Amino acid sequence: MAVKEYLINKMKEGTIHLALLDPDKQDSREAGAIAKRMRDAGTDAIMIGGSTGVTNENLGATAVSIKESSGLPTIHFPGGPGAISKYVDSIFFMSMVNSVDPFWIMNAQAGAAAYIKKLGIETISLGYIIVEPGMKVGEVGKADAIKHNEIDRAVGYAIACELFGMDLVYLEAGSGADKPVPPEMVSAVKKAISIPLLVGGGIRTPEAAKAARTAGADAIVTGTFIERCSDDDTLRSVVEASKGR
Ligand code: 1GP
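Attention here is on the structure that accompanies the text. Note that this is a predicted model, so its numbers are computed, not measured. (Residues numbered from 1 in each chain as written. Predicted model: local features only at pLDDT ≥ 70, side-chain atom pairs only at ≥ 80, totals over all residues. Heavy atoms only, no water.)

Some thoughts on the environment of L168
Short version of the rule: Comment: elements are numbered from the N terminus, with helices defined as DSSP H or I runs of at least four residues and strands as E runs of at least two.
With respect to the helices and strands, the residue L168 is situated in strand β6 (residues 168–172). Taking the C-alpha atoms as reference, L168 lies 9.8 Å from D218; in sequence the two are 50 residues apart.

A short note on the packing of helix α8 (residues 206–215) against helix α10 (residues 232–243)
Here is the rule we go by: Between N-to-C directions, angles cover 0 to 180 degrees, with each direction set by a line fitted to C-alpha atoms, over the stretch in contact for helices. By the definition adopted for this analysis, an angle is roughly parallel if under 35 degrees, roughly antiparallel if over 145, roughly perpendicular if from 65 to 115, and oblique otherwise. Crossing handedness: left-handed means the near helix sits turned counterclockwise from the far one by under a right angle, and right-handed means the same turn made clockwise. In this analysis, two residues are considered to be in contact whenever any of their non-hydrogen atoms come within 4.5 Å of each other. When residues are sorted by character, Ala, Val, Leu, Ile, Met, Phe, Trp, Tyr, Cys and Pro go into the nonpolar class, Asp, Glu, Lys and Arg into the charged class, and all the rest, Gly among them, into the polar class.
Contact pair α8 / α10: the axes reach a minimum separation of 7 Å and the direction vectors enclose 15 degrees. Accordingly, the angle class assigned to the pair α8 and α10 is roughly parallel. As for the relative orientation of α8 and α10, their crossing is right-handed in sense. Together, P206, A209, K210 and R213 of α8 and S237, V238, A241, S242 and K243 of α10 make up the contact between the two elements. Looking at the contact of α8 with α10, its residues break down into four nonpolar, two polar and three charged.

Thoughts on the pairing of strand β5 (residues 122–130)
Regular strands place their side chains on alternate faces of the sheet. Threshold: For each residue, the accessible area found with a 1.4 Å probe, counting protein chains only, is set against the maximum for its type, and the residue is called buried under 20%, exposed over 50%, and partly exposed in between. Two strands qualify as a pair provided that DSSP identifies no fewer than 2 bridges between them.
The buried fraction of β5 is high, at seven of nine residues. In the sheet, strand β4 (residues 90–96) pairs with β5 via seven bridges, with the strands oriented parallel. In the strand pairing of β5, S90 is matched with E122. Inspection of the sheet shows β5 paired to β6 by five bridges, in the parallel sense. Across the sheet, the residue bridging to L126 is L168, located in β6.

Focus: the site of the ligand
What counts, and what does not: Each residue is tested against the molecule or strand, and it is near if at least one of its non-hydrogen atoms lies within 4 Å. Side-chain atoms alone can form a polar contact between residues adjacent in sequence; in general such a contact is a pair of N or O atoms within 3.5 Å, and within protein one must be able to donate a hydrogen while the other accepts it. Residue burial considers only the protein chains on display, and all accessible areas are found by Shrake-Rupley using a 1.4 Å probe.
Taken together, 13 residues form the shell around the ligand, and within it Y170, E172, S175, G176 and T224 come nearest. Within the backbone of G176, a nitrogen or oxygen atom sits 2.7 Å from an oxygen atom of the ligand. At 2.4 Å, a side-chain N or O of T224 approaches an oxygen atom of the ligand. Protein contact buries 98% of the 310 Å² of open area that the ligand shows by itself. Of all the secondary structure elements, the ones that give two or more residues to the shell around the ligand are β6 and β8 (219–222). Residue composition of the shell around the ligand, grouped by class: four nonpolar, eight polar and one charged.

Some thoughts on the side chain of H76
Checked against the element boundaries, H76 lands in strand β3 (residues 74–76). Classification of H76 as buried rests on a relative accessible area of 3%.

Focus: the side chain of E122
Of note, E122 is situated in strand β5. Within the structure, the side chain of E122 is placed 2.7 Å from the backbone nitrogen of V3, a separation counted as a polar contact. For E122, the side chain forms a polar contact with the main-chain nitrogen of K4, separated by 2.8 Å. Non-local contacts of E122, meaning those with residues more than four positions away in its chain, are made with A2, V3, K4, D89, S90 and I91.

Considering the sheet that holds β4
As summarised here, the arrangement of the eight strands in space is β1-β2-β3-β4-β5-β6-β7-β8, forming a closed barrel in which the pairing is parallel. Pairwise comparison of adjacent strand axes, ignoring direction, gives a mean angle of 30 degrees for this sheet. With three bridges joining them, strand β2 (residues 45–48) and β3 adopt parallel strand pairing. Its bridge partner lying in β3, I46 is registered against T74.

Fair warning: the whole summary comes from geometry, so function is off the table for now.
See below:
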């Protein structure tokens, strides 16, 4: 089954959990081992990506290892057009819609599009909206990050993504953010759109995961927490709070 169809079907049952692994943070064997633990904890799919240090080689090796050890669908979450691999099941074909630099809105994508099409990788279009603090990705992508009190701005970008025909919207506070996207913003965006909503950045406790889920997130993304947590029960508690089941 195509990854998009798999995700949409899963989201019809309730909020899903997506684990993000950065190929620059551990070797492929370790990434495979983490993915297996995440699958056992209830994660639905693995996103692979990072803002810096991702190469065709470490991306491909990580995807193969994750697939072999967990069997979960893999999604490339690109930090730019520099690395692309046919070994990942699918790619978020994404635009950072609140960047001030056209490179991150459409030019990077235009540069990579022909190659992605030629490789035949499944693309899942995604509107990527950066919320403060934005962290590394906000800095690299020159985001005009949405402030926590600018809820109407977040809603406007999200509706624009839907009207452009994108498959998904992602509200991103940035990896390692001290505060996740506020639940009030998640809730307002969710009410305004009819395409699925991903939420991530700074979610590392069951409470934060539950807050995002009950506010209306269709998918919750966690990265840093997974790479740092060695306790399976703790991993499971965050995945279960994300899914509510
Ligand atoms: C990925 O920002 C998320 O888009 C991940 O954030 O590393 O804080 O979980 P964390």
